[in-house]
Amino acid sequence: MTARDPHPVPTAGSRHGAARPSDLALLHASPPRTYLREVGDRLVRNRTAMVGLAFILALVILGISTPWVAPFDYAKGSLLTANRPPNAVNWLGTDALGRDTLSRLLWGGRVSLTVAIGAQVIVVLIGVTLGLISGFVGGWTDYLIMRTVDALYSLPSLLVAVVVMSFLRGVLAQANEPSVAGLSRLNIATGGLLGVFIVLFLTHWLTVCRLVRAQVITVKEREFVLGARSLGAGSFRLVRVHILPHVLAPVLVALSFGIPGSIGLEASLSFLGIGVTPPMPSWGMMISEALPAMRTYPLLLVFPGVLLSVTLLSFTYLGDAVRDALDPLMKR
Amino acid sequence: MRTYLIRRLLTFIPSMLVVYTLVFVMIHATPGNPWDTGDKPFPPQVLRNLEAKYHFNDPVWKQYVDYLGSIVTEFDFGPSYKRGITANEVIARFLPVSIQLGLTAFVIAFIAGIILGTVSAIAHNTWLDRLAMFGAVVGISTPTYVVITILIVTLAVQLRLVPTGGWGGILDRRIIIPALALALGPTASIARYARSSLLDILRLDYIRTARGKGLRERVIHVRHALPNAMIPVVTVAAVSLADLITGSFFVESIYQIPGIGRYFVSTVQDKDYPVLMAVTLMYAAVIWLTNFVVDVLYATLDPRIRLS
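K.L.:
Help me out: how do you make sense of the overall build of chain B in this one?
P.N.:
When you go through chain B residue by residue, the secondary structure sums to 13 helices and zero strands. Helices (α) and strands (β) of chain B occur, in sequence order from the N terminus, as α-α-α-α-α-α-α-α-α-α-α-α-α. Considering only C-alpha atoms, chain B reaches an extent of 85 × 60 × 30 Å along its principal axes. Relative to its 308 residues, chain B shows a buried fraction of 48%. The contacts in chain B between residues at least 6 apart in sequence include a share of 71% that link residues at least 24 apart.

K.L.:
How should the overall build of chain A be read in this particular structure?
P.N.:
Looking only at helices and strands, chain A features 13 helices and zero strands. When the elements of chain A are put in sequence order from the N terminus, they spell out α-α-α-α-α-α-α-α-α-α-α-α-α. Burial analysis of chain A (332 residues in total) assigns 46% to the buried set. Contacts spanning at least 24 positions in sequence make up 71% of the contacts within chain A whose residues lie at least 6 apart. A total accessible area of about 17,000 Å² is found for chain A, and carbon and sulfur atoms account for 68% of it.

K.L.:
Help me out: how do you make sense of the interface of chain A and chain B in this one?
P.N.:
Many analyses report the size of an interface as the accessible area lost when the parts associate. Every contact between the two is made by 37 residues of chain A and, on the other side, 37 residues of chain B. Taking both sides of the interface into account, the surface hidden between chain A and chain B amounts to around 3,200 Å²; carbon and sulfur atoms contribute 78%. Counting the surface chain A buries against chain B, the share from its top three residues, Ser154, Leu159 and Phe167 of chain A, is 16%. The interface formed by chain A and chain B holds one salt bridge in total. At the boundary of chain A with chain B, the tally comes to two residue pairs in polar contact (both at pLDDT 80 or more). At the level of elements, α6 (139-153), α7 (157-172), α11 (235-272) and α13 (299-326) of chain A are the ones that each hand at least two residues to the side of chain A that touches chain B. For the side of chain A that touches chain B, the element with the most residues is α13 of chain A, which contributes 10 residues.

K.L.:
I keep staring at helix α5 (residues 101-137) of chain A and nothing clicks. Help me out?
P.N.:
A turn of α-helix holds 3.6 residues, and therefore any two residues three or four places apart point the same way. For α5 of chain A, built from 37 residues, the straight-helix expectation of 54 Å at 1.5 Å per residue is met to within 8% by its first-to-last C-alpha distance of 53 Å. Once α5 of chain A ends, the next one or two residues include Gly138 of chain A, with phi positive near 70 degrees.

K.L.:
Just checking my understanding: could you explain the packing of helix α9 (residues 205-212) of chain B against helix α10 (residues 217-245) of chain B for this structure?
P.N.:
The packing of two helices is summarised by the inter-axis angle and the distance between the axes. Residues and elements named next belong to chain B. Where α9 contacts α10, the two axes come as close as 10 Å, and the packing angle between them is 160 degrees. Classified by the interaxial angle, the pair formed by α9 and α10 is roughly antiparallel. Here α9 runs over α10; the crossing is right-handed. The segment α9 lies against α10, with Tyr206, Ile207, Ala210 and Arg211 engaging Glu217, Ile220, His221, His224, Ala225 and Asn228. Class assignment for the residues of the contact of α9 with α10 results in five nonpolar, three polar and two charged.

K.L.:
Please clarify how the nonpolar core should be interpreted in this entry.
P.N.:
For soluble globular proteins, the rule of thumb is that nonpolar side chains tend to be buried together. Counting residues in hydrophobic clusters, the biggest one holds 172 residues, and the most contacted among them are Tyr145, Ile152, Ile177, Ile260 and Met277 of chain B. The dominant element in this core, judged by the number of residues it contributes, is α11 of chain A, at 14 residues. Ignoring sequence-local partners within four residues, the contact set of Met277 of chain B consists of Tyr20, Val23, Phe24, Tyr67, Ile71 and Phe77 of chain B.

K.L.:
What is the right way to look at the packing of helix α5 (residues 87-122) of chain B against helix α8 (residues 176-202) of chain B in this model?
P.N.:
Axis separation between α5 of chain B and α8 of chain B bottoms out at 6 Å; the angle between their running directions is 35 degrees. Between α5 of chain B and α8 of chain B lies a crossing of right-handed hand.

K.L.:
It is not clear to me how the environment of Val216 of chain A should be interpreted in this structure. Could you clarify?
P.N.:
All names here are of chain A. Tracing the sequence through the fold places Val216 in helix α9 (residues 193-220). Note on Val216: relative accessible area 0%, which makes it buried. Here the alpha-carbon distance between Val216 and Glu266, two residues 50 residues apart in the chain, equals 31 Å. Excluding residues that lie within four positions of it along the chain, Val216 makes contacts with Leu132, Gly135, Phe136, Ile243 and Val247.

K.L.:
Explain the pattern of salt bridges to me, please; I cannot follow it from the model alone.
P.N.:
If charged atoms from side chains of opposite charge come close, those side chains can pair. For the structure shown, the criterion picks out 10 salt bridges over all chains. For Glu289 of chain A, the salt bridge is made with Arg104 of chain A, and the minimal N-O distance between the two is 3.4 Å. In this pair, Glu289 of chain A is assigned in helix α12 (residues 283-290) and Arg104 of chain A in helix α5, connecting sequence segments 185 residues apart. Under the relative-accessibility criterion, Glu289 of chain A is labelled partly exposed at 36%. With a relative accessible area of 1%, Arg104 of chain A lands in the buried category. Here Glu217 of chain B ties to Arg211 of chain B by a salt bridge, and the two come within 2.6 Å at their closest N and O atoms.

K.L.:
What's the story with the packing of aromatic side chains in this structure? I'm lost.
P.N.:
Residue and element names in this part refer to chain B. Summed over all chains, the structure comprises 14 aromatic pairs over all chains. Judged by centre distance (5.1 Å) and plane angle (85 degrees), the ring pair of Phe24 and Tyr64 falls under edge-to-face. A residue pair is termed long-range when its members are at least 10 positions apart, and Phe24 in helix α2 (residues 12-29) and Tyr64 in helix α4 (residues 60-74) qualify at 40 residues. The buried category is assigned to Phe24, whose relative accessible area is 6%. For Tyr64, a relative accessible area of 22% translates into the label partly exposed. Considering the side-chain rings of Phe106 and Phe110, the 5.6 Å spacing of their centres and the 25 degrees angle between planes classify their relative orientation as stacked.

K.L.:
Even after reading the chapter, I still don't get empty space enclosed by the protein, so can you show me in this structure?
P.N.:
A probe matching the size of a water molecule, rolled over the atoms, marks out where space remains unfilled. Using the criterion set out here, one finds one cavity of 30 Å³ or more in the structure. Empty space within the largest cavity amounts to approximately 60 Å³. Taken together, Val163 and Ser166 of chain A together with Val23, Met26, Ile27, Thr30, Val268, Lys271, Tyr273 and Leu276 of chain B form the lining of the largest cavity. Among the secondary structure elements, those contributing two or more residues to the lining of the largest cavity are α7 of chain A together with α2 and α13 (273-301) of chain B. Considering each element in turn, the lining of the largest cavity owes the most residues, three residues, to α2 of chain B. Counted by class, the lining of the largest cavity contains seven nonpolar, two polar and one charged residues.

K.L.:
What exactly am I supposed to notice about the side chain of Arg104 of chain A here?
P.N.:
A polar contact of 3.4 Å, which involves the side chain of Arg104 of chain A, links it to the side chain of Glu289 of chain A. Apart from residues lying up to four places away in sequence, Arg104 of chain A is in contact with Tyr74, Asp95, Arg99, Pro279, Pro281, Met286 and Glu289 of chain A.

K.L.:
I would appreciate a short explanation of the confidence of the model for chain B in the present structure.
P.N.:
Should the pLDDT be low somewhere, the predicted coordinates at that spot are not to be read in detail. Residue and element names in this part refer to chain B. Chain-level pLDDT for chain B is 85 on average; 96% of the residues reach the 70-or-more range. Across chain B, element-level confidence peaks in α5 with a mean pLDDT of 92 and bottoms out in helix α12 (residues 263-270) with 77. Taken together, the chains of this predicted complex give a pTM of 0.78 and an interface ipTM of 0.73.

K.L.:
Sorry, what's going on with a nonpolar patch on the surface here?
P.N.:
Residue and element names in this part refer to chain B. On the surface, Val107, Ile111, Ile115, Val119, Trp127, Leu128 and Leu131 cluster together into a nonpolar patch covering about 700 Å² of accessible area. Looking at the nonpolar patch, the elements that each hand over two or more residues are α5 and α6 (127-141). At four residues, α5 tops the list of elements feeding residues into the nonpolar patch. Within the element layout of this structure, Ile111 appears in helix α5.

Rules used throughout
All residue numbers here refer to positions counted from 1 along the written sequence of the relevant chain. Chain A is the first chain written and ligand 1 is the first ligand written, with later ones labelled in order. Only residues with pLDDT of at least 70 are given local features in this predicted model, and only at 80 or more are side-chain atom pairs given and counted; all residues enter the totals for whole chains, interfaces and linings. Water and hydrogen atoms were dropped before computing side-chain values, which therefore reflect all heavy atoms in the structure. Secondary structure follows DSSP: runs of H or I at least 4 residues long count as helices, runs of E at least 2 residues long count as strands, and numbering of each begins at the N terminus. Categorising residues by exposure relies on relative accessible area from a 1.4 Å probe, with only protein chains included: less than 20% of the type maximum marks a residue as buried, more than 50% marks it as exposed, and the intermediate range marks it as partly exposed. The contact rule is simple, with two residues in contact once any of their heavy atoms fall within 4.5 Å. Areas reported here follow the Shrake-Rupley algorithm with a probe of radius 1.4 Å; residue values treat only the protein chains shown as occluding. Once two parts are brought into contact, the accessible area they lose, counted with a 1.4 Å probe and summed over both, makes up the buried area. Whenever Lys or Arg places a side-chain nitrogen within 4 Å of a carboxyl oxygen from Asp or Glu, that contact is recorded as a salt bridge. Any pair of nitrogen or oxygen atoms within 3.5 Å is treated as a polar contact; in protein, a donor-acceptor pairing is required on top of that, and neighbouring residues in sequence qualify only through side-chain atoms on both sides. Multiplying one less than the number of residues by 1.5 Å gives the expected span of a helix. Throughout, an axis means a line fitted to C-alpha atoms (over the contacting stretch in the case of helices), and angles, computed between N-to-C directions, take values from 0 to 180 degrees. Throughout, the term roughly parallel applies to angles under 35 degrees, roughly antiparallel to angles over 145, roughly perpendicular to angles from 65 to 115, and oblique to all others. By definition, any crossing whose near helix is turned counterclockwise from its far helix by less than a right angle is left-handed, and any crossing with a clockwise turn is right-handed. Amino acid classes used here: Ala, Val, Leu, Ile, Met, Phe, Trp, Tyr, Cys and Pro are nonpolar; Asp, Glu, Lys and Arg are charged; the rest, including Gly, are polar. What is meant by a nonpolar core is a set of buried Ala, Val, Leu, Ile, Met, Phe, Trp, Tyr and Cys residues, joined one to another through side-chain atoms within 4.5 Å. Any two rings among Phe, Tyr and Trp, with Trp reduced to its six-membered ring, count as a pair given centres within 6.5 Å; such a pair is stacked if its planes are under 30 degrees apart, edge-to-face if over 60, and tilted if neither. Only protein atoms enter the 1 Å grid used here, on which a cavity is any set of points holding a 1.4 Å probe that cannot leave and a pocket is any open set flanked by protein within 12 Å on both sides along at least five of seven lines; residues with an atom within 4 Å of a point are listed as lining. Grid points are joined across faces, edges and corners, and a volume is the space filled by probe spheres set on the points. Confidence scores labelled pLDDT are given residue by residue by the predictor and lie between 0 and 100. In this scheme, patches are assembled from residues that exceed 30% relative accessible area and form no salt bridge. Like charges are connected within 9 Å, while nonpolar side chains (Val, Leu, Ile, Met, Phe, Trp, Tyr) are connected within 5 Å.

In structure tokens, the structure reads:
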């Protein structure tokens, strides 16, 4: 966010018609401090958040380059080299089937990040849209959307995930059924990720929708919206120009907590054996595979466990920092 | 206030109805039936008899109405397809174990969380505060299945202090590991809430007044600030409580505890629908009740809030 803002919001000085020369000098002395720039500055000053961000960026780069960086195939192993401790060939050792732990961790991280970020994109798109409609339109539409959200909220997300996953698995398994054949092939091609995507979306859009709706309701009665409306702005323009920017902050916060939430839920699903399909690795699956050998070979459990925790930790720190940075009144 | 309470109580009915409908639709949309045994299918006659016995041949609307009727009028969730007992018995037998474990974990989390949060707020921006808050973030970000395996490996396997699994009630030492594993996350979130809420309160004028009239710091923190700071903490604590007493799949299955949490996953995979319906409705009811109690508590603790 340190990059130059392409659409700087005019500051008070430039808006009030003729500016005195002294004002102009001030204006040229430092670039206009926009809201986003201030938020970015506050974020950069937060050291723990920057460490977290650096770790996440490293993960993303590793995730993108996994096919070239990973030293071995994630699925191929040899029983001759099973359960090796870390050595010169397999830097982090091998698992019970002789597969290279480092390669599996890399591929697993790629899966976790893809799933989390992909699901959050859909969550934001649909959550924001429904929240805007619910808050802006009100009435029966609002009632209907909010009661659905309430009902879904009262279900444990793990239970929803398990029920939906078993339903999807049943449906997607009918590969010769023409209506789902395309989806089924897509699911197989992505190593079972399609189902995980859908589950993550279903359990995570609720929060975004609620936050957006609450924000819209407080904003839409404010004077500047009323002013724009009385100047003849249509509903679409009102929402796009005047209301949407106010929704940005809570969505950004929800997003920075939603991504680790998705990573955690994907790991839980894979831990239960209903997430990604083996041999595609995932950190959660690696943890569950390591459990039987917990007493004799705990290292196998430690690597994915620590990596998962540190990733979630980084996101939590970043999320905290984003929330604090967006709220200028917040004192540390 | 009274009309609000009544109106609020009445929302129980549509909420449960929506949950019932969602689960019912999901069950009937899932392909296959509970007696799909894969390679060795039952003979067709057996399947037909099973389907007739459990009313699988009735029209779907009739199944919907009949089942709803038996739940509402007799509180009967029907027989488990797989376990030889009724769904009601599954709840009656395994929920108390989860409640005992969950309450133990909650008491630990509540006390530890408030102490940690208070210490952190008072020692604001010192190494003690930073250490405690780092611990809290670690606690929030570590999944329970990682926490419990670490506890088993260290406490049970390496140090041999407690057994590696099992259940013997609240007073048995086998409760230590699962209770600690369950308590870690809630402790962390309660501590974070308690800290930030206390920090907000400590900035207020009446605290300055209390300092001005020369009260000791300890009295200011414990008698003046803490009660007000507790109000938002109650909300997170209540949500954690609901979560804890309904059982955790991971902790119960890894530590071999006969609680209800294990059924969240196994009933879906076995297609044991009556138990699935009972467990889900139970969970939804607990969550609903928690939200209700939190709202009422809020108004009682903070007279400025008017329920309407």
